[in-house]
Amino acid sequence: MLSLTLIIIIITVFVSWRAFENPALFEKLLNNPYQIKHRKQYYRIFSHALIHADWIHLSLNMFVFWSFGQWVEVYFIKDHGLLGELYFLLLYILGAGFATLPSLRKHGDNFGYNSVGASGAVSAVMILAMFINPLSKILFFMAIPMPAYVGILVFFAFEHFMNRSGKSNIAHDAHIWGALFGILFIMVYDMDTYRNFFSIVRNQLFG
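Please read these numbers as outputs of a predicted model, since none were measured by experiment.

Peer 1: Honestly, the packing of helix H5 (residues 55–80) against helix H6 (residues 83–98) in this entry has me stumped. Any pointers?
Peer 2: Describing two packed helices takes the angle between their axes plus the distance from one axis to the other. Between H5 and H6, the shortest axis-to-axis distance is 8 Å and the interhelical angle comes to 140°. When the interaxial angle is binned, H5 and H6 end up oblique. In the packing of H5 onto H6, the handedness of the crossing is right-handed. Two secondary-structure elements touch here, H5 through Met62, Phe65, Gly69, Val72, Glu73, Phe76, Ile77 and His80 and H6 through Leu83, Gly84, Glu85, Tyr87, Phe88, Leu91 and Tyr92. Within the contact of H5 with H6, the residues separate by chemical class into 10 nonpolar, 3 polar and 2 charged.

Peer 1: I would appreciate a short explanation of the packing of aromatic side chains in the present structure.
Peer 2: Given two aromatic rings, their pairing is described by the distance between the two centres and the angle made by the two planes. Evaluation of the coordinates by the stated rule reveals 22 aromatic pairs. Centre to centre, the rings of phenylalanine 197 and phenylalanine 198 are 5.0 Å apart; their planes meet at 85°, and the pair counts as edge-to-face. Among the aromatic side chains, those forming a connected cluster through ring pairs are Tyr75, Phe76, Tyr87, Phe98, Trp177, Phe181, Phe185 and Tyr189.

Peer 1: Even after reading the chapter, I still don't get the pattern of salt bridges, so can you show me in this structure?
Peer 2: Between side chains of opposite charge, a pair can form when the charged atoms approach closely. On inspection of all chains with the given rule, the structure shows 4 salt bridges. The salt bridge partner of glutamate 27 is arginine 44, with a shortest N-O separation of 3.6 Å. Separated by 17 residues along the polypeptide, glutamate 27 in helix H2 (residues 23–29) and arginine 44 in helix H4 (residues 44–47) bring together distant segments of the chain. You can call arginine 44 buried: its relative accessible area is 2%. The partner of lysine 106 in a salt bridge is aspartate 173, and the shortest N-O contact between them spans 2.8 Å. With a gap of 67 residues between them, lysine 106 in helix H7 (residues 101–107) and aspartate 173 in helix H10 (residues 172–189) connect regions that are remote in the sequence. With a relative accessible area of 9%, aspartate 173 lands in the buried category.

Peer 1: Explain a nonpolar patch on the surface to me, please; I cannot follow it from the model alone.
Peer 2: Together, Phe46, Leu83, Leu86, Leu89, Leu90, Ile93 and Leu94 make up a nonpolar patch on the protein surface, roughly 550 Å² of accessible area in all. Counting through the fold element by element, leucine 83 comes out in helix H6. In this structure leucine 83 comes out as partly exposed when scored by relative accessible area, which is 44%.

Peer 1: Where do I start with the packing of H6 against helix H8 (residues 119–132) in this structure?
Peer 2: Axis separation between H6 and H8 bottoms out at 6 Å; the angle between their running directions is 130°. Relative to H8, H6 is oriented oblique. For H6 against H8, the interelement crossing comes out right-handed. Judged by residue contacts, Phe88, Leu91, Tyr92, Gly95 and Ala96 of H6 engage Gly120, Ala121, Val122, Ala124, Val125 and Leu128 from H8. Among the residues forming the contact of H6 with H8, the class breakdown is 9 nonpolar, 2 polar and no charged.

Peer 1: Before we go on, may I ask you to explain the side chain of serine 119 in this structure?
Peer 2: By the secondary structure assignment, serine 119 is in helix H8. Sequence-distant contacts of serine 119, defined by excluding residues within four places in its chain, comprise His57, Asn61 and His175.

Peer 1: Please clarify how the pairing of strand E2 (residues 144–147) should be interpreted in this entry.
Peer 2: The side chains of a regular strand alternate, first on one face of the sheet and then on the other. As judged from the 4 bridges shared by strand E1 (residues 137–140) and E2, these two strands associate in the antiparallel manner. Following the sheet pairing, leucine 139 is matched in E2 by proline 145. Where E1 folds back on E2, the antiparallel hairpin that results is connected by 3 residues, among which phenylalanine 141 adopts a positive phi of roughly 60°.

Peer 1: When you look at the nonpolar core in this model, what are you seeing that I'm missing?
Peer 2: If you look at the biggest cluster of nonpolar residues, it comprises 43 residues, and the most contacted ones within it are Val72, Phe76, Leu91, Tyr92, Ile127 and Leu128. The set of elements that each furnish at least two residues to this core consists of helix H1 (4–21), H5, H6, H8, E1, helix H9 (148–165), H10 and helix H11 (191–206). Of all the elements, H8 adds the most residues to this core, at 11 residues. With residues near it in sequence (within four places) discarded, isoleucine 127 still touches Ile152, Phe155, Phe156, Ala179 and Ile183. Counting 5 residues, the second-largest nonpolar core is a separate cluster that includes Ala19, Leu29, Leu30 and Ile51.

About the thresholds
- Residues numbered from 1 in each chain as written.
- Predicted model: local features only at pLDDT ≥ 70, side-chain atom pairs only at ≥ 80, totals over all residues.
- Heavy atoms only, no water.
- Axes fitted to C-alpha atoms, helices over the stretch in contact; angles between N-to-C directions.
- Helix = DSSP H or I, 4+ residues; strand = E, 2+ residues; numbered from the N terminus.
- Parallel < 35°, antiparallel > 145°, perpendicular 65-115°, else oblique.
- Left-handed = near helix turned anticlockwise from the far one by under 90°.
- Contact = heavy atoms within 4.5 Å.
- Nonpolar A, V, L, I, M, F, W, Y, C, P; charged D, E, K, R; others polar.
- Phe/Tyr/Trp six-rings, centres within 6.5 Å; stacked < 30°, edge-to-face > 60°.
- Salt bridge = Lys/Arg side-chain N within 4 Å of Asp/Glu carboxyl O.
- Buried < 20%, exposed > 50% of the residue type's maximum accessible area, 1.4 Å probe, protein only.
- Patch = residues over 30% accessible without salt bridge, like charges linked within 9 Å, V, L, I, M, F, W, Y side chains within 5 Å.
- Areas by Shrake-Rupley, 256 points an atom, 1.4 Å probe, with all protein chains shown as cover.
- Pairing = 2+ DSSP bridges.
- Core = buried A, V, L, I, M, F, W, Y, C linked by side-chain atoms within 4.5 Å.

Here you go:
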């Protein structure tokens, strides 16, 4: 039986591939805040997560999602069985939507602004995975080893710096807001896990 993580990856790869081949489909699904605000095309808040700028963008997002999504999916299933899949799906879909909020606020009247990619949803899943397993080892940039709780700080510091620098066409604010949604989700879903994260980190740092 395929995991929901793998099903999401398969669907995203398929739709992204079709959009690479079909510019009209690509344009129809991308996040365009102007179209959302003025033409009420609200589906774009979520559909943009199904398409990507190119194969590298797609591959990086799906690799990170695969790496962390398995942890999170098992975490929800352990608590709720198959119903846990619904929580996992809500985390992913709502994370994608929450990540668009900065663009809707800043670019609602800018017809030329577009963004694509599952980065916001993936960031929500990744950060929640780090909260679940704060002492697990991760590879930041797939190269630098560090505990997950350090990775959270490095992630937010890096994304904030890149967002302020304005030297990239990547929507770093979407990464930040997607990650913030992951934290909000775990606070609402299981406050004990949220508190336990800080207890584990405190014991790790101060004994």
